[in-house]
Amino acid sequence: EVQLQQSGPEVGRPGSSVKISCKASGYTFTDYVMNWVKQSPGQGLEWIGWIDPEYGSTDYAEKFKKKATLTADTSSNTAYIQLSSLTSEDTATYFCAPLLQWPSGFAYWGQGTLVTVSS
Amino acid sequence: DIRMTQSPASLSASLGETVNIECLASEDIYSDLAWYQQKPGKSPQLLIYNANSLQNGVPSRFSGSGSGTQYSLKINSLQSEDVATYFCQQYNNYPNTFGAGTKLELK
């Protein structure tokens, strides 16, 4: 059974950074890219980017290129997203979602991690 | 980036009714379209992929159709558990982009 366990809620001060984790199980972590999606409060969904855990290659949506850094640890089957230079616009829930079938949408999602930016 | 225009933004329907939600892409996405259901505080759930393929485990009252730039999600015989927000997503081009969502409520 595919499971994605994300780390708990984070509070970050403006200008600081936070790092969220997503531990994957139930499939071969290195065989599939991991995507990250942002959902601002009461808003829609924005695709941030993906990482190929095997090679470490990444692709980002243009607006997140200076905001997000995706990494992966194949020894622990865990993907990470680091958000830097936090502003109030980064307050949102962040989801991880591996792409396990292509072409397709995201059949599996983490439970989401709420990041709150507050001084 | 491909723009996904979803309508209506909100919808009120009665139990047993048929509901349609539309998604218009700013360019041809060749049926690379998914539909999701999201309930408050939960992660999105994939309902339909490739415009008209039902994801395993999703009730058959959900169906998708469309091609080119125009797509729709149909819910037959609306049930109380279908109250949720629905999103479309194109994955033909990166960045993947989503519609703004349709909030479905019971009348």
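Residues numbered from 1 in each chain as written. Chains lettered and ligands numbered in written order. Predicted model: local features only at pLDDT ≥ 70, side-chain atom pairs only at ≥ 80, totals over all residues. Heavy atoms only, no water.

Right, let's talk about the sheet that holds strand 8 (residues 70-75) of chain B for a bit. All names here are of chain B. Strand order in the open sheet made by the four strands is 1-3-8-7, with antiparallel pairing throughout. Each end of this open sheet is capped by a strand with a single partner; those strands are strand 1 (4-7) and strand 7 (62-67). Sheet twist, expressed as the average angle between the axes of neighbouring strands with direction ignored, equals 15°. As defined by bridge partners, strand 1 adjoins strand 3 (residues 19-25) across four bridges and the pair is classed as antiparallel. For Ser7, the partnering residue across the bridge sits in strand 3 and is Glu22. (Pairing = 2+ DSSP bridges. Helix = DSSP H or I, 4+ residues; strand = E, 2+ residues; numbered from the N terminus. Axes fitted to C-alpha atoms, helices over the stretch in contact; angles between N-to-C directions.)

Moving on, we get to the packing of aromatic side chains. All names here are of chain B. The full count for this structure, using the stated rule, is nine aromatic pairs over all chains. Ring geometry for Phe62 versus Tyr86: centroids 6.4 Å apart, planes at 35°, classification tilted. One end of the pair, Phe62, is in strand 7; the other, Tyr86, is in strand 9 (residues 84-90), with 24 residues separating them in the sequence. Taken individually, Phe62 and Tyr86 each receive the classification buried, so the pair is uniform in this respect. (Phe/Tyr/Trp six-rings, centres within 6.5 Å; stacked < 30°, edge-to-face > 60°. Buried < 20%, exposed > 50% of the residue type's maximum accessible area, 1.4 Å probe, protein only.)

Each partner contributes residues to the interface: chain B has 19 residues there, and chain A has 23 residues. In total, chain B and chain A occlude about 1,600 Å² of area from one another, counting both sides; carbon and sulfur atoms represent 61% of this. Taken as a group, B:Pro44, B:Tyr94 and B:Phe98 account for 33% of the area that chain B buries against chain A, more than any other trio of residues on that side. Between chain B and chain A we count zero salt bridges in total. Here chain B and chain A share three residue pairs in polar contact (both at pLDDT 80 or more) between them. Elements that contribute at least two residues to the side of chain B that touches chain A include exactly strand 4 (33-38), strand 5 (45-49) and strand 9 of chain B. Per-element tally for the side of chain B that touches chain A: the top contributor is strand 4 of chain B, with three residues. (Contact = heavy atoms within 4.5 Å. Buried area = accessible area lost by both parts, 1.4 Å probe. Salt bridge = Lys/Arg side-chain N within 4 Å of Asp/Glu carboxyl O. Polar contact = N/O pair within 3.5 Å; in protein donor to acceptor, adjacent residues only side chain to side chain.)

Reported here for the largest pocket is a volume of approximately 450 Å³. Lining the largest pocket are 23 residues, with A:Gln39, A:Gly42, B:Gln38, B:Pro40 and B:Thr85 positioned closest to its centre. Elements that contribute at least two residues to the lining of the largest pocket include exactly strand 9 (92-98) of chain A together with strand 9 and strand 11 (102-106) of chain B. Space inside the second largest pocket adds up to approximately 220 Å³. (1 Å grid on protein atoms, 1.4 Å probe; cavity = no way out; pocket = protein on both sides within 12 Å on 5 of 7 lines; lining within 4 Å. Points joined across faces, edges and corners; volume = space filled by probe spheres on them.)

Residues and elements named next belong to chain A. The strand order across the open sheet formed by four strands is 1-3-8-7, and the pairing between neighbours is antiparallel. Two strands bound the open sheet, and with one partner strand each, they are strand 1 (3-6) and strand 7 (68-73). Here the strands of the sheet are splayed against their neighbours by 20° on average, with no regard to which way each runs. Bridge count for strand 3 (residues 18-25) against strand 8 (residues 78-83) is six bridges, and the pairing is antiparallel. Bridge assignment links Ile20 to a residue of strand 8, and that residue is Ile81.

It is worth spelling out the pattern of salt bridges at this point. Residue and element names in this part refer to chain B. According to the stated counting rule, one finds five salt bridges over all chains in the structure shown. In this structure, Arg61 and Glu81 form a salt bridge, with 3.6 Å as the shortest nitrogen-oxygen distance. Taken together, the positions of Arg61 in the loop between strand 6 (53-54) and strand 7 and Glu81 in the loop between strand 8 and strand 9 put the pair 20 residues apart, joining distant regions of the chain. Look at Arg61 and you get buried, because its relative accessible area is 18%. One salt bridge connects Arg61 with Asp82, and the closest N-O pair in it is separated by 2.7 Å. Note that Arg61 is positioned in the loop between strand 6 and strand 7 and Asp82 in the loop between strand 8 and strand 9, a separation of 21 residues in sequence. Neither Arg61 nor Asp82 differs from the other in exposure class; each is buried.

Residue and element names in this part refer to chain A. With respect to the helices and strands, Val115 occurs in strand 10 (residues 113-117). Put simply, Val115 and Gly8 are 107 residues apart on the chain and 9.0 Å apart in space, counted from C-alpha to C-alpha. Once residues within four sequence positions are removed from consideration, Val115 is found in contact with Glu10, Val18, Ile20, Leu83, Asp90, Thr91, Ala92 and Tyr94.

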